[in-house]
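Notes for the structure review
Each chain, letter by letter, is given below.
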Number of protein chains: 2
Amino acid sequence: MGTTQLESVQEPKYWHLKTVLSEALDSDFSVGEILPNERELAARFGVARATLRQALEQLELEGRLQRRRGVGTTVAPPRVGVAVSTAQRDWTGDGAAEAWRAVDATAAPAPSSVASVLEVDAADPVHVVRRIRTSHGQTVAAEFLYVPSSSVPELSAIDAPSGPARARAVLRELHRLGLDGQDRSVELGSARADDAKELDRLPGAPVLVVTTRYLVAGGTAALSVATYRADTCRLTFGDAGKVEISHHGPERQAS
Amino acid sequence: MGTTQLESVQEPKYWHLKTVLSEALDSDFSVGEILPNERELAARFGVARATLRQALEQLELEGRLQRRRGVGTTVAPPRVGVAVSTAQRDWTGDGAAEAWRAVDATAAPAPSSVASVLEVDAADPVHVVRRIRTSHGQTVAAEFLYVPSSSVPELSAIDAPSGPARARAVLRELHRLGLDGQDRSVELGSARADDAKELDRLPGAPVLVVTTRYLVAGGTAALSVATYRADTCRLTFGDAGKVEISHHGPERQAS
């Protein structure tokens, strides 16, 4: 918390190193290759360990490097484009190539912020469906889907009380409901312990939190809070196809 | 790069501290208030400085805290919802409440990854329009908009050769073109020096990179790479209104 002025640190040392390292990754390393250890890298580039570590953190933020405990730092593959659907196909997931898999459903009070969006009493239990999304064989997102009982009145007492079968029953009823629309927000967050475990990350890892409100007749029929791995995912929107730009392309300057 | 197993560190100390600190922010501090310094906080919560620093970094990722050089660490206001338009109103920006402001336009070769999406030769200059977006009096995004000459054939030689007037002329021609659609991706990135300066952040700060492809007759008429502040912005999608959920609500558990 010093008094350094922003102007005087426009190009800090780690930033320059990051650019140099980024070019070295392109020319000298291949995807999946393990980088030399920090001491060796610091020596090779003639920088302090602390500077090196900052540059490595930048490259991790940008999805160029992966750091895994017990493995080391490896060159990351390009980020995977994951379509954030604007259609209803969400509900029928199982089996598709980029499917959501329903893993559990319980009845529990929603977090207070969720309860207020759903316009239910904070003490009232709602259906909490847990889903996991995989893409290209990798877990990319973990979701909590909150569904008030009033949205699925036909849900039968003879359906399973919990577990994947219960989750599928809730989704089936949501599908029958027919949605009028949805709105969505995306923001940066850090992985909670339960999400981190599903995503094979440490708690606190950067994630993209996608909050979706599913609308019926002007009200909110369900609310989804989905946590996507920020290191490996690029979220795509729109039906015209994916943006095919390389994941680190936009970092380069125009002139 | 130790050999610690993921399982044994499911709830690291900084994670627990983060939760405790988060509750203290809710109950003991108000928005804009400056936190005690690191030494004092570490003593108050009985943790090492390094643990405290990790927890503060988490809270910064989640948008709960702001750290500014020369000011210290303050309690952040809730994130601002910024609509990522699916309509064409982008082009007519000036003057609207959440406007894009055209600040410059030059002719320069596009980065190679951009050139390949635009299907232009990497050596050919394209129009590079620089725009800045403000919301609630704050700069929230900085954009490079790449427009091949072939997309704006009517652009007159009597228009200004560069600067904001040139930028507005390019946007006017894009508007005349009429777009068929757009697709978009969102991913985590780190602020480049030039974007960081516009956004009043240090280079390398986490940002949300929104890449938009504007489509005409099956081709890409223009490509936008917009860098949003990840600390203060929540990107919203869809026309039905904003998701009104609190920015740190989804962090809480359902059961």
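Below is a summary of the structure that appears in this document. (Residues numbered from 1 in each chain as written. Chains lettered and ligands numbered in written order. Predicted model: local features only at pLDDT ≥ 70, side-chain atom pairs only at ≥ 80, totals over all residues. Heavy atoms only, no water.)

Helix and strand counts for chain A come out as six helices and 10 strands. Each of the 255 residues in chain A was classed as buried or not, and the buried ones make up 55%. For chain A, restricting intrachain contacts to residue pairs at least 6 apart in sequence, the fraction spanning at least 24 positions comes to 62%. (Helix = DSSP H or I, 4+ residues; strand = E, 2+ residues; numbered from the N terminus. Buried < 20%, exposed > 50% of the residue type's maximum accessible area, 1.4 Å probe, protein only. Contact = heavy atoms within 4.5 Å.)

Looking now at the packing of helix H1 (residues 13-28) of chain B against helix H3 (residues 49-61) of chain B. All names here are of chain B. Following both chains from N to C, one finds H1 and H3 inclined at 60 degrees, their axes separated by 8 Å at the closest point. The pairing of H1 with H3 is recorded here as oblique in orientation. Judged by the sense of rotation from one axis to the other, the crossing of H1 with H3 is right-handed. From H1, Lys-13, Tyr-14, Trp-15, Leu-17, Lys-18, Leu-21, Ser-22 and Leu-25 reach across to H3, where they touch Thr-51, Leu-52, Gln-54, Ala-55, Leu-56, Gln-58 and Leu-59. Of the residues assigned to the contact of H1 with H3, the class counts are nine nonpolar, four polar and two charged. (Axes fitted to C-alpha atoms, helices over the stretch in contact; angles between N-to-C directions. Parallel < 35°, antiparallel > 145°, perpendicular 65-115°, else oblique. Left-handed = near helix turned anticlockwise from the far one by under 90°. Nonpolar A, V, L, I, M, F, W, Y, C, P; charged D, E, K, R; others polar.)

Residue and element names in this part refer to chain A. Enumeration over the complete set of coordinates arrives at 33 salt bridges over all chains. Among the ionic pairs, Arg-192 bridges to Asp-194, the shortest N-O distance being 2.7 Å. The exposure class assigned to Asp-194 is partly exposed, which follows from its relative accessible area of 26%. (Salt bridge = Lys/Arg side-chain N within 4 Å of Asp/Glu carboxyl O.)

With nine of 10 residues buried, strand S7 (residues 181-190) of chain A is to be regarded as a mostly interior element. The pairing of S7 of chain A with strand S8 (residues 206-216) of chain A spans 10 bridges and is classified as antiparallel. Directly across from Arg-184 of chain A, in S8 of chain A, lies its bridge partner Thr-212 of chain A. Note: S7 of chain A against strand S10 (residues 233-237) of chain B, three bridges, orientation antiparallel. Looking at S10 of chain B, one finds that Ser-185 of chain A is bridged to Thr-236 of chain B. (Pairing = 2+ DSSP bridges.)

This part takes up the sheet that holds S8 of chain A. In sheet architecture, strand pairing relies on hydrogen bonds along the backbone and comes in two forms, parallel and antiparallel. If you trace the eight strands from one edge of the open sheet to the other, you get S4(A)-S5(A)-S6(A)-S9(A)-S8(A)-S7(A)-S10(B)-S3(B), paired in mixed fashion. If you trace the sheet from one side to the other, it starts and ends with strand S4 (100-109) of chain A together with strand S3 (80-83) of chain B, each paired once. Between one strand axis and the next, the sheet turns through 20 degrees on average, direction left out of account.

Our next topic: the side chain of Glu-173 of chain A. Residues and elements named next belong to chain A. Mapped onto the secondary structure, Glu-173 falls in helix H5 (residues 163-177). Overall, the relative accessible area of 6% leaves Glu-173 in the buried class. Within the local environment of Glu-173, its side chain forms a polar contact with the side chain of Arg-172, the two groups lying 3.2 Å apart. If we ignore the near neighbours within four places in the chain, the residues touching Glu-173 are Val-152, Glu-154 and Leu-155. (Polar contact = N/O pair within 3.5 Å; in protein donor to acceptor, adjacent residues only side chain to side chain.)

With that settled, the discussion passes to the packing of aromatic side chains. Tallying each qualifying case throughout the model produces five aromatic pairs over all chains. Relative to Phe-237 of chain B, the ring of Phe-237 of chain A has its centre 4.2 Å away and its plane inclined at 5 degrees; by these criteria the two rings are stacked. One end of the pair, Phe-237 of chain A, is in strand S10 (residues 233-237); the other, Phe-237 of chain B, is in strand S10, on a second chain. The buried category is assigned to Phe-237 of chain B, whose relative accessible area is 7%. Judged by centre distance (6.4 Å) and plane angle (80 degrees), the rings of Trp-100 of chain B and Tyr-228 of chain B are edge-to-face. Of this pair, Trp-100 of chain B sits in strand S4 (residues 100-109) while Tyr-228 of chain B is found in strand S9 (residues 219-229), placing the two residues 128 residues apart along the sequence. Across the pair, Tyr-228 of chain B and Trp-100 of chain B agree in class, each one buried. The ring of Phe-144 of chain A is capped by Arg-130 of chain A, whose NZ or CZ atom sits 4.2 Å from the centre of that ring. (Phe/Tyr/Trp six-rings, centres within 6.5 Å; stacked < 30°, edge-to-face > 60°. Lys NZ or Arg CZ within 6 Å of the ring centre and 35° of its normal.)

We now examine the environment of Asp-183 of chain A. All names here are of chain A. Secondary-structure assignment places Asp-183 in strand S7. Taking the relative accessible area as the measure of exposure, Asp-183 reaches 0% and is therefore buried. Considering only alpha carbons, one finds Asp-183 and Thr-211, 28 residues apart in sequence, at a separation of 8.3 Å.

Time to look at H3 of chain B. Think of an α-helix as turning once every 3.6 residues; residues three or four places apart then point the same way. The terminal C-alpha atoms of H3 of chain B, which comprises 13 residues, lie 18 Å apart, in line with the 18 Å expected from a rise of 1.5 Å per residue. Of the positions making up H3 of chain B, those classed as buried are Thr-51, Leu-52, Ala-55, Leu-56, Gln-58, Leu-59, Glu-60 and Leu-61 of chain B. On its buried face, H3 of chain B sits against S7 and S8 of chain A together with H1, helix H2 (38-45), strand S1 (65-68) and strand S8 (206-216) of chain B. At the exit of H3 of chain B stands Gly-63 of chain B, carrying a positive phi of roughly 80 degrees. (Expected span 1.5 Å × (residues − 1).)

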